[in-house]
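Summary of structural features
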Amino acid sequence: MRLLTLLLISFSLFAKAPKNVNLKNPPPRIIRTCCSFGVDVKVAGMPFVKYTEVTSLELIGNHKYLGSKAENNGIIYTEKGGFIDMGHLRDIADFTAYLYLLIQDQRHTGAFSLKLGNEGGMKTLTVNVPEKFTDEDVVHLAGRIAYDLSVWHEISTSYGASFIPLVPERYSSFSVEDAYSNLLGVHLGMKSILGSGEYELEMTANVNEVLESLNAVKDRESTIEAMNAVKDIWWSGKAKLPSRKVLIKRQFEVYDCVYPMLINSEKIENSVENKVCVPLESSSNESFNDFYKLSIKANFKIPVDKVFGQHVKEKNIITQLDFPALIKYAEEATFKVHEQ
């Protein structure tokens, strides 16, 4: 539990978040485009294009809300936290900050709703925060919602939803680094909002601190070496993007705690010491699920009838409470693909 202790200490009473944020326009579902898992991953129909999207401690720049090229994002391997996707981590931290500002702005008006765009169906967030919620409760609620949004991204892409039309993203859904990176980003975002300094400065310091504590490798070559150690075990050196067979190993265990996937003599290990957990309850032990609903009017790509049975889900509306069943079905479908 050392990592959770590191993330949760030193919260101040006064939360800070990015300034001059347009609350009417939520961040896009993909803020930073990153990353395809693997080394020199080929692309179908483009023989001279190969992807190796890795970074290192010496390259990572200061955090900027909603991103900048100076961040130098990519995947970095850590000895205690496995592979970390810095784009995912920063995106979810920033979405946590945005949701915190939004909820604080609207909390005294009663229940409010917000459209969050189309991703496997139109997403609508409804929030109703009680007056008794502390500032820290609001931060944790924002983190919980941000994480659920990241899980929905993995679910929807596993069923064929995509950012670019006709280019499915199944090749990256539930990748071994996704859930841990996302949830680590939630915790770093929450800690940065509740810190004593400005959000971007806090995020920069917290990112550096947590990567050091997880024993991040020092250079790009070391991350590339770690990826090659699991070549044809976690990812295929033969399959080409956007084939779903690029990824061999995926992580579907995304609730309520996520364990980093580590490399040890070509074995996958779960490290209990450095697990990170989803914010579940307020300071008065009330479930956060009672205070928000993330509803999606699922499109034809989401197999609502197959997962829940015909006529079970009215008008194809699903919520965060349905995510575990959808994840289980996606896992079973993925297993069948690799059996073929």
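Before going into details, it helps to say that this report is about the structure given with it. (Residues numbered from 1 in each chain as written. Predicted model: local features only at pLDDT ≥ 70, side-chain atom pairs only at ≥ 80, totals over all residues. Heavy atoms only, no water.)

**Observations concerning the overall build of the chain**
Within the chain, the secondary structure is distributed over eight helices and twelve strands. For the chain, the residues scored as buried account for 53% of the 340 residues in total. A separation threshold of at least 6 residues defines the contact pool for the chain, and within that pool the share at least 24 residues apart is 70%. When the accessible surface of the chain is summed, it comes to about 15500 Å², and 52% of that surface belongs to carbon and sulfur atoms. (Helix = DSSP H or I, 4+ residues; strand = E, 2+ residues; numbered from the N terminus. Buried < 20%, exposed > 50% of the residue type's maximum accessible area, 1.4 Å probe, protein only. Contact = heavy atoms within 4.5 Å. Areas by Shrake-Rupley, 256 points an atom, 1.4 Å probe, with all protein chains shown as cover.)

**Focus: the pattern of salt bridges**
In total, this model carries eleven salt bridges according to the counting rule given. Of the charged contacts, one joins aspartate 91 and arginine 32 as a salt bridge, the two residues approaching to 2.8 Å between their closest N and O atoms. Taken together, the residues span a long stretch of sequence, with aspartate 91 in helix 2 (residues 86-106) and arginine 32 in the loop between helix 1 (2-8) and strand 1 (41-43) at a distance of 59 residues. The pair formed by aspartate 91 and arginine 32 is uniform in burial state, with each residue classed as buried. The partner of glutamate 71 in a salt bridge is arginine 90, and the shortest N-O contact between them spans 3.8 Å. Taken together, the residues span a long stretch of sequence, with glutamate 71 in the loop between strand 2 (46-51) and strand 3 (75-78) and arginine 90 in helix 2 at a distance of 19 residues. No difference in accessibility class separates glutamate 71 from arginine 90, as the two residues are buried. Taken together, the salt bridges that share partners define one network made up of Arg32, Glu71, Arg90, Asp91 and Asp94. (Salt bridge = Lys/Arg side-chain N within 4 Å of Asp/Glu carboxyl O.)

**Observations regarding the environment of glutamate 154**
Note on placement: glutamate 154 falls in helix 3 (residues 135-158). Spatially, the C-alpha atom of glutamate 154 lies 8.8 Å from that of alanine 179, the residues being 25 residues apart in sequence. Glutamate 154 has contacts with His88, Ser172, Ser173, Phe174, Ser175, Asp178 and Asn182, leaving out every residue within four places of it along the chain.

**What about helix 5 (residues 199-213)?**
Between its first and last C-alpha, helix 5 extends 21 Å over 15 residues, near the 21 Å set by a 1.5 Å rise per residue. All of the buried residues in helix 5 are Tyr199, Glu202, Met203, Thr204, Asn206, Val207, Val210, Leu211 and Ser213. Looking at the residues trailing helix 5, positive phi occurs at asparagine 215, about 60°. (Expected span 1.5 Å × (residues − 1).)

**Considering the nonpolar core**
Within soluble globular proteins, side chains that are nonpolar generally end up buried alongside one another. Judged by nonpolar contacts, the single largest core of 97 residues is most densely connected at Phe37 and Leu99. Those residues in contact with leucine 99, other than ones at most four positions away along the chain, are Leu125, Ala142, Ile145, Ala146 and Leu149. (Core = buried A, V, L, I, M, F, W, Y, C linked by side-chain atoms within 4.5 Å.)

In short, the description is geometric, and any link to function would need to be established separately.
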